[in-house]
Every structure is written in C-alpha cells, then in structure tokens.
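Spelled out, the chains give:
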Amino acid sequence: MFGWNGTFLRVNLSRNKAVAEAYDTSFAFNFLGGRGFAAKILWDQLKPGVDPLSPENKLVFAAGPLTGFGFPNSGKLVVAAKSPLTGGYGDGNIGTNAAVQMRKAGYDAVIVEGKAEKPIFLHVKDKTAEFVDAKDFWGLTSFDTEKMLKALYEKSAGIVSIGPAGENLVKFATVVSQEGRSGGRPGMGAVMGSKNLKAVVFEGTGVLSAAHPNELKELSAASYREVMTKPNYTFWKRQGTMSTIEWSQENSALPTYNYREGVFDEAAEIGGFAMEKIKVSNRGCPQCNMTCGNVIKDSDRKQAELDYENVAMLGSNVGFGNLGQVAALNRVADELGLDTISLGNVLGFIMEASEKKLIKEKISWGKFKDTRALVNDIAYRRGLGSVLAEGVRFAAEKVGGGSGDWAMHVKGLEISAYDCHAAPAMALSYGTSSIGAHHKDAWIIGWEVEHGREGYGEEKVDKLIEYQRLRGGVFESLVLCRFPHAMLGLELEWYPKFLYAATGMELSWATLNQIADRTLNLIRAFWVREFGRNWTKAMDVPPARWFKEPLRKGPLKGSKLDSERYDYMLRKYYRKRGWDERGIPKKGTLQKLGMPDVASQLDRYVALSA
Ligand code: SF4
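These numbers were taken from a predicted model, which means no experiment stands behind them.

Across its full length, the protein holds 26 helices and 17 strands. What you see for the protein is a C-alpha radius of gyration of 22 Å, in line with the 25 Å of a compact globule of 610 residues. For the protein, the C-alpha atoms occupy an extent of roughly 60 × 55 × 50 Å along the three principal directions. For the protein, buried positions account for 65% of its 610 residues. Long-range pairs, those at least 24 residues apart, make up 71% of the contacts in the protein between residues at least 6 apart in sequence. As presented, the protein carries roughly 20,900 Å² of accessible surface, and 49% of it is formed by carbon and sulfur atoms. Where the 79 positive side-chain charges of the protein centre and where its 70 negative ones centre are 2 Å apart.

Once that is clear, we can look at the sheet that holds strand E15 (residues 303-306). Strand order in the open sheet formed by three strands is E13-E14-E15, and the pairing between neighbours is antiparallel. Of all strands in the sheet, those with a lone pairing partner are strand E13 (279-283) and E15, marking the two edges. Going across the sheet, the axis of each strand differs from the next one's by a mean of 35°, ignoring polarity. Summarising the sheet, strand E14 (residues 293-297) and E15 pair through four bridges and their orientation is antiparallel. Within E15, the residue paired with Lys297 across the bridge is Gln303. Strands E14 and E15 of the sheet are contacted by helix H12 (residues 323-336), whose axis makes an angle of about 95° with E15.

Taken as a whole and judged by the stated rule, the model has 33 aromatic pairs. Between the aromatic rings of Tyr23 and Phe37, the centroid separation amounts to 5.4 Å while the plane-to-plane angle is 75°, which identifies the pairing as edge-to-face. Here Phe37 lies in helix H2 (residues 34-45) and Tyr23 lies in the loop between strand E2 (17-22) and helix H1 (25-31), a separation of 14 residues in the sequence. Overall, Phe37 belongs to the buried group, its relative accessible area being 0%. Ring centres 5.6 Å apart and planes at 50° place the aromatic pair Trp247 and Trp443 in the tilted group.

Before going further, it helps to spend a moment on the nonpolar core. Membership of the largest hydrophobic core comes to 165 residues, with the highest contact counts inside it found for Tyr89, Leu338, Leu343, Ile350 and Ile378. The leading source of residues in this core is helix H22 (residues 509-531), at nine residues. The residues touching Ile378, leaving out its near neighbours within four places in the chain, are Val170, Phe172, Leu338, Leu343, Val346, Leu347, Gly385, Leu388 and Ala389. Ranked by size, the runner-up nonpolar core spans 30 residues in total, among them Met102, Ala105, Ile120 and Val124.

Close to the ligand lie Asn73, Lys76, Gly284, Cys285, Cys288, Met290, Thr291, Cys292, Cys481 and Phe483, which account for all nearby residues. Each residue belonging to the shell around the ligand can be placed in one class, and the counts come to six nonpolar, three polar and one charged.

Attention now moves to the pattern of salt bridges. Under the counting rule described, the total for this entry stands at 46 salt bridges. Its salt-bridge partner being Asp144, residue Lys147 comes within 3.7 Å of it at the nearest N-O pair. Residue Lys147 and its partner Asp144 are both found in helix H4 (residues 142-152); the two are separated by three residues, about one turn of the helix. Residue classification places Asp144 among the partly exposed residues on the basis of a relative accessible area of 33%. Residue Asp298 pairs with Arg331 through a salt bridge whose shortest N-O separation is 2.6 Å.

So, on to helix H16 (residues 392-399). Of the positions making up H16, those classed as buried are Val392, Ala395, Ala396 and Val399. The buried residues of H16 occupy an angular sector of 100° when the element is viewed end-on, so they sit on one face. Within H16, the exposed residues directed more than 90 degrees away from the buried face are Glu397 and Lys398. Those residues of H16 hidden inside the fold are in contact with helix H13 (340-355), helix H15 (384-388), strand E16 (409-410) and strand E17 (413-414). Directly after H16, the chain includes Gly400, whose backbone phi takes a positive value near 65°.

With that settled, consider H22. For H22, spanning 23 residues, the distance from its first C-alpha to its last is 33 Å, which sits close to the expected 33 Å at 1.5 Å a residue. A positive backbone phi angle near 50° is found at Gly532, which sits one or two residues after H22.

Reading guide: rules and limits
Numbers given to residues run from 1 along each chain, matching the order in which its sequence is written. A pLDDT threshold of at least 70 governs which residues receive local features in this predicted model, and a stricter bar of 80 or more applies before side-chain atom pairs are shown or counted, although totals over entire chains, interfaces and linings include all residues. Processing note: side-chain calculations cover all non-hydrogen atoms of the structure and skip hydrogens and water entirely. The numbering of helices and of strands both runs from the N terminus, where a helix is a DSSP run of H or I of at least 4 residues and a strand a run of E of at least 2. For the radius of gyration, the atoms used are the C-alpha atoms, and the globule rule reads 2.2 Å times the number of residues raised to 0.38. Burial classes follow relative accessibility: with a 1.4 Å probe on protein chains only, a residue under 20% of its type's maximum area counts as buried, one over 50% as exposed, and anything between as partly exposed. Here, two residues are considered to be in contact whenever any of their heavy atoms come within 4.5 Å of each other. The method behind every accessible area is Shrake-Rupley, applied with a 1.4 Å probe, and residues are considered shielded solely by the protein chains displayed. His is not counted, nor are the chain ends, whereas Lys and Arg count as positive and Asp and Glu as negative. Throughout, a charge is located at the NZ atom of Lys, the CZ atom of Arg, the CG atom of Asp or the CD atom of Glu. Each pair of strands is called paired provided DSSP finds at least two bridges between the two strands. Here an axis means a line fitted to C-alpha atoms, over the contact stretch when the element is a helix, while the angle between two N-to-C directions is reported on a 0 to 180 degree scale. Each Phe, Tyr or Trp ring, with Trp reduced to its six-membered ring, pairs with another whose centre is within 6.5 Å; inter-plane angles below 30 degrees give stacked pairs, above 60 give edge-to-face pairs, and intermediate values give tilted ones. In this text, buried Ala, Val, Leu, Ile, Met, Phe, Trp, Tyr and Cys residues form a nonpolar core when linked through side-chain atoms within 4.5 Å. Nearness is defined per residue: one heavy atom within 4 Å of the molecule or strand is enough. Gly is put with the polar residues, along with every residue not named as nonpolar or charged; the nonpolar set is Ala, Val, Leu, Ile, Met, Phe, Trp, Tyr, Cys and Pro, and the charged set is Asp, Glu, Lys and Arg. For salt bridges, the criterion is a side-chain nitrogen of Lys or Arg within 4 Å of an Asp or Glu carboxyl oxygen. Here the arc refers to the directions that run from the helix axis out to each C-beta atom. In a helix, the anticipated span is given by 1.5 Å times the number of residues less one.

Right, here's the structure in full:
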C-alpha cells in the first residue's frame, strides 16, 4: 500500500502495553483516514453505553493518507472518542507536528484504551512506545507541559497534551499543541484526563512511501505557489479569519450577549482592522503557508493568538470590547485546555442568568477580572465553575427558570460563533452536524447571505449536504484544512491529484463523496445506537431562543426562525440523506453504502425502516 502505512498502534494504559496492528486495504479505501478511521474504529470497538470517562472509552488519534507528505495545510490530526459532553460521537482536529511525526513513526492512527494507574505521558518513537511517569507534569498548563517535554526530546518531536481542565474532567476540555492549536471540542481533553494521560510525544524517523514521489514533490510545490496567487491571499495573511468579525456584524450574525443579538456596539474595537494595528506576528499549523493565527500582546503583556471564533465567543458574546482582554482570556483558556467556543457559551449563559437574577452570584457582562477568575474556576471545578464545567445543557438544568430556551447548544455541544436568528440554513447545519452544533462541517452562512436569508427551500438543503460531504466528510478524513479551498478558492481538482500522487489511487469526486456519506452515516448510526429509543428528531433542532425571540436591533431587527419551515427543511434533509422521519438512516441507505453489518446491528436498537 502506498500513502497509508497500513498500521495502527493500540496502546493499553491499564496494562502498559502497546501493540502495532496491521489493517487491511479495504479499511483504507472505504474510510480514507482521520474522521473516517476514527468513526469506524469507535463503531467497531466501543460497546454502546460505555461511560465516556471510564477506561472502556477509547481515544483515537488519526491522520490521513496525505499527512506527512508536505501538501499545503496537511499538518493536522483528528482526535476522537465517545464524548462526555454530548454522549454521542465526538472529534476535532488539531494543527500539530504530532500528526507528521506519528505518520513518520509508522502509524496512521493510535488507539488509546484503558486507564493508567497514575499520571503518565506516552512517548512513541518509531517502533517503541514508552510509558513515562508524569508526576512532575500533572497540574501544569498545556503550554508549560509542552515546553518541558520539548526540553527532554528532539526539537522535531510532535507533542499533544492537556491542561488542568482535561485533568479535572471539564466536559469541554480540549487537547492542545504548539501553544494555541487546540482541538476536540466535545471533551476529548477530558477523555485523555480520565485515562491519566497527560501528553503524547511522537517522534518518527521513517520515510513515508508515495506511489509517485516525483509527481508528489512537484504537485506540492505547485499547490503552495497556487495558494499564494489567489487574490485574497495577502489580505488573508493580514487578518486570517478575523475579518469575519466585521462581516458578521454587517450581516447580523455576530453572537452578542449570549446570542440575543447579531450585532455588537463595540464590534469595530474587536474586528480585523483593530487587530491589525496591534498585531506582532503570524502563527499557524505545520505545513501551511496561510498561517492564520494572529499574534498580539494581550492585556497581560503576553503573546496571545486571535481568530474569529475565539474573539466572537470571548468578545461580543460576553460583552468584551477590548481586544487585549479577549486575547488574554483566549490564552488562558488554551493554557488551561478549555474549548473557547463552549467557554464563551457557558460564560454568556451564566451572565444572562445573573442578569435575570436566576442565580445569587453577580457575574456581569464584560468584567475582565471576574471573568478570568471564573474561567479558572471552571478549569479547576470550583464553586459555580464546577456547574459550568459540565457544559451549558447541564447548567441550564441546574439554573432552571426557563433557561433551557437560551442554553445555546445542539445535542449538548455549544454553538459556534454564528447567530442564526436570520440564517435557517446555518441553523440546519448546526442541527445536523456530526458532533453537535459545530460550524466546521458546513459553514453555509457565507453562501446563505449571498443567496437569500429568508428562504427555507430545497436548494439550501442541497447546498448543506454538498458542504457536509466536502468539509465534514472528505477534508476531515484526509485531515486537511478547509481554508485554502473555502476561503481562497483553491480548486477542488487539486485534491484527487494529491491522493493519486500519494496513494496511486485515482478517486473521482463521486467516489470521495460516497466515502464521505459512508462516514457521516456511520457517525449518525453511532449517535442513534447510543441513544436508542431516546433518539428523537428534536435532537436536530437548535435552541428555542432563535425561534421565539426576534432580534431587537441591527439591520435584521425583528427576524427570527420559523419552526414549521425549519421542520420542513429538516424533513427534506432526512429524505435526501436516506433517513427516516426520526432522522435515522434507513436499512437500504446503509446497505447501499456497503454497511449491511451496521444496518443489522442498529436494527437491534431501533427498528430500522426499509
Ligand atoms: S489556514 Fe490556519 S487553520 Fe488552516 S492549516 Fe493554516 S494555520 Fe492551520
């Protein structure tokens, strides 16, 4: 096999044992890598109903067949497990040199199972895996952990670690790498913490074998050059995703005061142009010439990174109009290993609860010191922080008073930074995303703004499915960043060429889309198997706030979602996906995708329609 190593590393922490396992070619051809591999491994190897924070859960690190070959934007790693935040399938990707090193060490994925007796870190170097006592590391931030590990190993080592939030099993703790690349929103850091696994260090000296090495080199160089010729390249290097603050403000989509509004009075203070004035450098993932992390000096005089999601969630959504303070909150969250999107949600929720006097504590919008203290309390599970550490769905159950209507999540995962009062397609994207309300699989709001906000028509459903296949299916399984294509317009024809050069396989987009559908259906089956008879269509519906409370200001004042028309769109979506009226894949759909075994297993939990 070219491209793929054909080997997984299975690590059992309870037994201090690591074994390399060969997998067959059909696995690679049917699921590609990354998200596809993780979904298949978790479906096959997890018993339904396991406690996500028990040794029975498995944590998967998975790369793609292009990882390590040097193609643009390919230095990423998927981390996946059953999510402690949602109870369903959870994953995320991290820009990290660990992805490259893992592949050079000879593995396409590492499956971590069991639980270490005491805190350890894992050192994987080529064919060896060492279980190292981490008592001197436990309690450190993710930044300090990586710094200390860097001093112990080669400079080229790739490291992923958790901060105190992961150790304390905060349900939205992430896995962090390279001071600010953080991933695994639905609590992948907590799963790592539950296994007493502080960090993984990867070192690989092997050479990946490509089907057409010369062509690969040329393609790689040509595609980097091509990225740089795109008209938006220079502006992207200046602002990365930060220009989206102004865009969202103009289009009433900037989450503000816990998604009550889509415009923020101080948006200009936290936007891309304000950032440019204080920017000191760019940071980014390995193997990328678009480096979209904007580094500034934060209000603590420390270097911190900014991008759209963290600025919207820790800025407008919680009432902060000071970029230095937003950056400091973001840095602290990364150090602690907290997901910034979920963090901005729980903070916004509790500020609103305080304003409405549903809790006794006074937590006001935009108060820096109090907010920073609360962020630390969440990571260390102190007082109110301990409630918020469980996520916004749980917090609303505790707070009561109808707060469930404005606890902004889908399936337990807090919503990313796009207000949907006037964006039905984006609302459907959140409703049907593979991990709960996340934007990455299908950022359709950009298209929706251009093609009409009001409609709930079929063309929006078709577009959504197209985006989900491409971004949530193909890119996540190749483990490639979507930005060159999505933001700069790098043509899709490049990707099958990359695959051909690396693997020797000529895959058409029709085949790639079918692989994407297989993975997305398998993930859906995973959710349904976990929830069994409790699975309902309501799990695909975003929070009541967007349906009940119209926007009170901005150009789209008075807008809100229409629940009947949303339901119409959702039913259309199900039909096009080959799912029944409950949103469950039909037997025929799973069979057509080559998964009759999944159909018969799922049928035992929820009788499937034909
Ligand atoms: S564009 Fe940004 S997110 Fe994508 S690979 Fe580059 S640095 Fe990472």
